[in-house]
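Summary of the model geometry
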Amino acid sequence: MDTILIVDDVAINRSLLRQTLESLGTYNVIEASSGNDAIEQFEQHTVDLVLLDIMMPDLDGCQTATILKEKMAEDHVPIIFITALTSDESLATALESGGDDFLSKPFNFSILSSKVTAHLRIRELSKQLNTKNKSLTRLNQHLTNEQELIEHFFESSIKQSFLDDNLIKYHMSSMSVFNGDVLLSERGPQGSLYMIVGDFSGHGLTAAMGTLPVAMIFFKMASENASIAEIAREINAQLLKLLPSTMFFAASIMELSACGNILTTWMGGMPENYWFSEKGELKGLIESQHMPLGILLDNEFDTTTQVVTVEENDKIYLYTDGVIEAKNLQGEQFGDYRLKNTLINDKHDRFSAVLNQLNDFTSTNAQNDDITLVELNCVAIAPSENELIDTSNATFLPWNLTVELKTGDLMAPDPVRKITDIVSGLPSVSKHEGMLYVLLKEIYFNSLDHSILNLESEDKSGSDDFINFYIKRDEEIKKLKSDFINFNFTFFNENECYYLKIEVTDSGSGFKSSKLPDSDSSLYGRGLSLIDGLSEEAFFSKDGKVFTVLCKV
Amino acid sequence: MAITSKFTENNNVLTICVEGDFDYSLAKEFKSKYNNEAHTIKNVTVDLSKAKTIDSSALGMILGMQKDLNLANDCISLINANDIIGKVLKITNLNNRFNVA
């Protein structure tokens, strides 16, 4: 039920008005005998309509209306003046003070009725509007919170990028809050630099969604020293699973070797990269050879990479199509031509030159795609602080470990892998795992082939003999009875260097070095020279029965 | 499948891609990739991008292939070697013999 407040200093007028209203409909009518009384009543009740006498002592109707309007703030409660005044001017003043309408005394019954009904309807509409406004404000707040959360999520998923300004200069600008362009870089465990510059089809949040799986795969595989081909294949396979068929990911995936001289690239669906020498001559273009990622099935996918040898301070420019497709006010595109010219003509700071040109060109025109420009400087990659700490500060305790392979172990597949896993589990040698495996394998087969099985390397002189040698070895292994190969590892520190000494003994007759080949193109005899090259020192003692290999670690 | 291969340019150029540990266990498979087309092959590229380690017998296999195909040193390229394999190629001097990138 609507509540109507009648304000009049004359009791008989109030009572008359109340009777009239109550005969018109079911209203909850309350009365006030003065302006101050009206304000008090207004605060105590939820009033839907005010009928306000203008001529009152103390606070008159106009002053009262002004105060009431202030009190209702955004909530609209109509005020209708009751007045005997007829001059236009005084009516105008009354409406200006905050009233919404007026009724002249004496009342016309039907006008009173229609005005009250009309104003109550406006009041109802304004209440609905207020409710909607409030829920929209809440919704908007909710969306803003969600957006901030997602932004945070994106930022933290890609911020681990290793962006050394000595190596990488970049500019990324997205046309909305979320970027469909991707720039990720990471230093691999062998010190090389991995980088992805890419562009999801579309822009905004939908395009940015794909960056999450790409970032996760990239950082994980880079930390595992994966090849560029492997990374490309894995990202393709995952995106194929995740993305709708209309979406794909154009990308350049690169690895710059730790020495900064070899650049490996897998590139699909991206505009060509420009390659400049330090002196500023254009050495070449690195062009896309593949379709974008997320389209081809795994068995159709081509992992071929391009490998180029770069020189110190060579620069590679990568960019997404947002650069060449940026439009000026006339709708003309920036284009390959302007980009290439700017790169070739500016010898000092091509990167800034392109950005300035692009900025001048587009002037005030709104950006219509995400834009990314990257300059890769080919230099040797400085070791990370962690690596420096590892070698300078870390101290390791000396240890000794013996592993003995018995007949059963020699027959099992890849015993060397098992030994490597044990030894490389120790913190002092863990980072040399790959090299240790290569070394132990040579040592192991030297013992097995030439001491225990007594096979002759000479048997390997032709490529068929070579294969037969391995077949023969497999047969001989099956005949082993009570043989063993014993590996003794000693890790120690001498003159501030760490060493791993490997002493190998076995159940065989020992190694006879009489038949080592000397030609470089010989198919065999390479194992020992490999061991020699990988170690500080390698020698046989006790009549070829003990083989000692000393490595710096 | 540890080894994949493909021919281009009228079967003159062979690319062999080795995955995982490139060692003696692949000797037979490695030979099978070139043996049937031995007379047409003029150029071989061994793509090591997926190879993790290499052993001396793998080096023997590459040399054996050179002999079988009767190819000059510069007709054989070893590409995409990781740091470990790169070091092995260097120690054994094969990086000077073949094209290594």
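Residues numbered from 1 in each chain as written. Chains lettered and ligands numbered in written order. Predicted model: local features only at pLDDT ≥ 70, side-chain atom pairs only at ≥ 80, totals over all residues.

It is worth spelling out the overall build of chain A at this point. In terms of helices and strands, chain A carries 17 helices and 20 strands. Looking at chain A as a whole, 35% of its 553 residues are labelled buried. Within chain A, residue pairs in contact and separated by at least 24 positions form 66% of the contacts whose partners lie at least 6 positions apart. (Helix = DSSP H or I, 4+ residues; strand = E, 2+ residues; numbered from the N terminus. Buried ≥ 20, exposed ≤ 12 C-beta atoms within 10 Å, placed from the backbone. Contact = placed C-beta atoms within 7 Å.)

The next thing to look at is the environment of Gly 508 of chain A. Residues and elements named next belong to chain A. Among the secondary structure elements, Gly 508 is positioned in the loop between strand E18 (497-506) and helix H17 (526-534). We classify Gly 508 as partly exposed; it has 19 C-beta atoms within 10 Å. In sequence terms Gly 508 and Ile 452 are 56 residues apart; their C-alpha atoms lie 4.0 Å from each other. In this view, Gly 508 contacts Ser 447, Ser 451 and Ile 452; residues no more than four positions away in its chain are not counted.

The strands making up a sheet are joined through hydrogen bonds of the backbone, oriented either antiparallel or parallel. All names here are of chain B. With mixed pairing, the five strands of this open sheet are ordered in space as E1-E2-E4-E6-E7. The open sheet has two edge strands with one neighbour each: strand E1 (3-8) and strand E7 (99-100). For E1 and strand E2 (residues 13-18), the ladder comprises six bridges, and the chain directions are antiparallel. Across the sheet, Phe 7 pairs through a bridge with Leu 14, a residue of E2. (Pairing = 2+ DSSP bridges.)

Turning next to the confidence of the model for chain B. All names here are of chain B. The share of residues in chain B with pLDDT of 70 or more is 99%, and the mean pLDDT across the chain is 88. Across chain B, the secondary-structure element scoring lowest on mean pLDDT is helix H4 (residues 94-97), at 86, and the one scoring highest is strand E4 (residues 43-47), at 93. Across the whole predicted complex the pTM is 0.50, and at the interface the ipTM reaches 0.81. (pLDDT = per-residue confidence, 0-100.)

So, about the sheet that holds strand E1 (residues 3-7) of chain A. All names here are of chain A. Across the sheet, which stays open at both edges, the five strands sit in the order E2-E1-E3-E4-E5 with parallel pairing between neighbours. Across the chains shown, the open sheet's two edge strands, defined by having one partner strand only, are strand E2 (28-32) and strand E5 (101-104). Taken pair by pair, the neighbouring strands of this sheet meet at an average axis angle of 20°, ignoring direction. (Axes fitted to C-alpha atoms, helices over the stretch in contact; angles between N-to-C directions.)

Quick look at the pairing of strand E12 (residues 282-286) of chain A now. Residue and element names in this part refer to chain A. As paired strands, strand E11 (residues 273-276) and E12 are joined by four bridges and run antiparallel to one another. By the bridge assignment for E12, Asn 273 is matched with Ile 286. In this antiparallel pair of consecutive strands, E11 and E12, the connection spans five residues, and Gly 280 shows a positive phi of 100°.

All names here are of chain B. Where helix H1 (residues 27-35) meets helix H2 (residues 56-69), the closest approach of the two axes is 10 Å, and the angle between their N-to-C directions is 25°. Taken together, the axes of H1 and H2 lie roughly parallel to each other. Every pair of crossing elements has a handedness; the one defined by H1 and H2 is right-handed. In this structure, H1 contributes Ala 27, Phe 30 and Tyr 34 to the contact, and H2 contributes Ser 57, Met 61, Met 65 and Leu 69. Considering only residue class, the contact of H1 with H2 consists of six nonpolar, one polar and no charged. (Parallel < 35°, antiparallel > 145°, perpendicular 65-115°, else oblique. Left-handed = near helix turned anticlockwise from the far one by under 90°. Nonpolar A, V, L, I, M, F, W, Y, C, P; charged D, E, K, R; others polar.)

Before going further, it helps to examine the interface of chain A and chain B. Between chain A and chain B, the contact holds 32 residues from the first and 29 residues from the second. Of all the secondary-structure elements, those providing two or more residues to the side of chain A that touches chain B are helix H8 (228-242), strand E10 (262-268), strand E13 (306-309), helix H15 (433-452), helix H16 (463-478) and H17 of chain A. Of the residues in the side of chain A that touches chain B, the class split is 14 nonpolar, 12 polar and six charged.

The next point concerns H16 of chain A. For an α-helix the count is 3.6 residues per turn, leaving residues at separations of three or four pointing the same way. Taking 1.5 Å per residue as the helical rise, H16 of chain A with its 16 residues ought to reach 22 Å, and the 24 Å between its terminal C-alpha atoms agrees with that figure. Those residues of H16 of chain A not exposed but buried are Ser 463, Phe 466, Ile 467 and Phe 469 of chain A. In a view along the axis of H16 of chain A, the buried residues occupy a sector of 145°, so they form one face of it. Residues of H16 of chain A that are exposed and angled more than 90 degrees away from the buried face: Ile 471, Glu 475 and Lys 478 of chain A. Structurally, H16 of chain A contributes buried residues whose contacts are with H1 and H2 of chain B. (Expected span 1.5 Å × (residues − 1). Arc of directions from axis to C-beta.)

Residue and element names in this part refer to chain A. Residue position: Asn 261 is located in the loop between strand E9 (249-256) and E10. Given 16 C-beta atoms within 10 Å, Asn 261 falls into the partly exposed group. Counting along the chain gives 48 residues from Asn 261 to Thr 309, while the straight-line C-alpha distance between them is 5.6 Å. Not counting the four nearest positions on each side in its chain, Asn 261 is found in contact with Thr 309 and Val 310.

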